[in-house]
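Each chain, letter by letter, is given below.
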Amino acid sequence: MALTWQEARITATVPETARVRRLTLAVGWSEPFRAGQHVDVRLTAPDGYQAQRSYSIASSPMRPEAIDLLIERLDDGEVSGFFSDVAEPGDAIELRGPIGGAFVWDPGMGGPLLLVGGGSGVVPLLAMLRHRAEAAPGVPALLLYSARTRADVIARAELMRRDAEEPGFRLRLVLTREPGGRRIDAQTIGEALAALGMPAHAFVCGSNPFVSTAADLLVEAGLPARTIRTERFGG
Ligand SMILES: Cc1cc2nc3c(=O)[nH]c(=O)nc-3n(C[C@H](O)[C@H](O)[C@H](O)COP(=O)(O)OP(=O)(O)OC[C@H]3O[C@@H](n4cnc5c(N)ncnc54)[C@H](O)[C@@H]3O)c2cc1C
């Protein structure tokens, strides 16, 4: 069935990092959403010009009536600029979803679960981690997350708390622009696999180059291609 556009109201906006803003939207779904899915949003200017973009859902499917989006401000970004600087609680925007059938994790799929995110590519992985913690905490999971600096780590306090408190979850941060910074490479992938064991499912999300590099490294490390799912944000 074709998805229809609906009006969703922004109920809260919170700075998440210097470049990322969290928006909470009240939505009315025609079907439940799944961790990893995204929505399309559409903005219309007074002259009728329209711009449409996709944003992953960051919040857990167990809170279906209000979703969180985490939107990174891109330099000269048309739509991300609007959500960063202009959108306010009370505003209504056009939204359709939930969208996406391949890049999803349900508790019934089990694990071990390897999540590899670059920058804002961590957003759909957060939904998976949140759903896992609520519905399937026994599933082993590891998040390998590449960000520029510690201050750019989205949901940093939550991720560090989960790492400390959830026996089955491990966080591995790879910071590219801290002193001695590095990128995800064969060694970081190897260390993640040694800590987690061979994953039943690997989810990789981020910019086009990040996803290509990380997925290639996973295949080189011996993961069967059928266990790897990818989501590309562009760039
Ligand atoms: C399935 C899906 C889910 C997504 N989820 C999220 C999300 O949760 N959070 C989020 O912040 N973004 C997400 N994106 C990216 C988002 O859809 C937009 O592409 C992004 O916000 C840029 O739109 P803009 O209008 O601000 O920039 P534009 O005006 O379209 O582009 C501005 C400049 O940025 C470049 N650019 C465009 N996209 C990217 C990118 N992803 N990385 C680097 N440079 C880029 C363009 O080439 C251009 O130079 C997702 C994309 C997809 C396909």
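Position numbers for residues start from 1 in each chain and track the written sequence from start to end. This being a predicted model, a pLDDT of at least 70 is required before a residue's local features are given, and a value of 80 or more before pairs of side-chain atoms are given or counted; all residues contribute to the totals for chains, interfaces and linings. The basis for every side-chain value is the complete set of heavy atoms in the structure, and neither hydrogens nor water enter the calculation.

**Notes on the site of the ligand**
Convention followed: For this description, a residue counts as near a given molecule or strand if any of its non-hydrogen atoms is within 4 Å of it. Distance and chemistry together define a polar contact, namely a pair of N or O atoms within 3.5 Å, with one atom able to donate a hydrogen and the other to accept it when in protein, and with adjacent residues in sequence counting only for side-chain atoms on both sides. Per-residue accessibility takes into account occlusion by the displayed protein chains alone, with areas from the Shrake-Rupley method and a 1.4 Å probe. Secondary structure follows DSSP: runs of H or I at least 4 residues long count as helices, runs of E at least 2 residues long count as strands, and numbering of each begins at the N terminus. Any residue that is not Ala, Val, Leu, Ile, Met, Phe, Trp, Tyr, Cys, Pro, Asp, Glu, Lys or Arg is counted as polar, Gly included; the first ten are nonpolar and the last four charged. Domain start and end points were adopted from an automatic or database domain assignment.
Taken together, 21 residues form the shell around the ligand, and within it Arg53, Ser54, Tyr55, Val79 and Ser80 come nearest. Serine 56 places a main-chain nitrogen or oxygen 3.1 Å from a nitrogen atom of the ligand. Between an oxygen atom of the ligand and a side-chain N or O atom of serine 80, the distance comes to 2.6 Å. Protein chains bury 71% of the 910 Å² of accessible surface belonging to the ligand in isolation. Elements that contribute at least two residues to the shell around the ligand include exactly strand S4 (50–56), strand S5 (66–72), helix H1 (78–85) and strand S11 (228–232). Among the elements that make up the shell around the ligand, the one with the highest residue count is S4 (four residues). The residue inventory of the shell around the ligand, partitioned by class, reads seven nonpolar, eight polar and six charged. In terms of domain composition, the shell around the ligand takes at least three residues from each of domain 1 (6–99) and domain 2 (107–232).

**Some words on the domain arrangement of the protein chain**
Formally: Contact criterion: two residues are considered in contact whenever any of their non-hydrogen atoms come within 4.5 Å of each other. The buried area of a pairing is the accessible area, by a 1.4 Å probe, that goes missing from both parts when the two are put together, added over both. The term salt bridge refers to a side-chain nitrogen of Lys or Arg lying within 4 Å of a carboxyl oxygen of Asp or Glu.
Domain parsing of the protein chain yields domain 1 (6–99) and domain 2 (107–232). Between domain 1 and domain 2, the C-alpha centre-to-centre distance is 23 Å. Opposite the 16 residues of domain 1 that make contact, domain 2 presents 17 residues. With both sides pooled, the region where domain 1 packs onto domain 2 buries about 1,400 Å², and carbon together with sulfur makes up 59% of that total. In this structure, the connection of domain 1 to domain 2 is made through zero salt bridges. Inspection of the region where domain 1 meets domain 2 yields five residue pairs in polar contact (both at pLDDT 80 or more). A class-by-class count of the residues in the side of domain 1 that touches domain 2 yields seven nonpolar, six polar and three charged.

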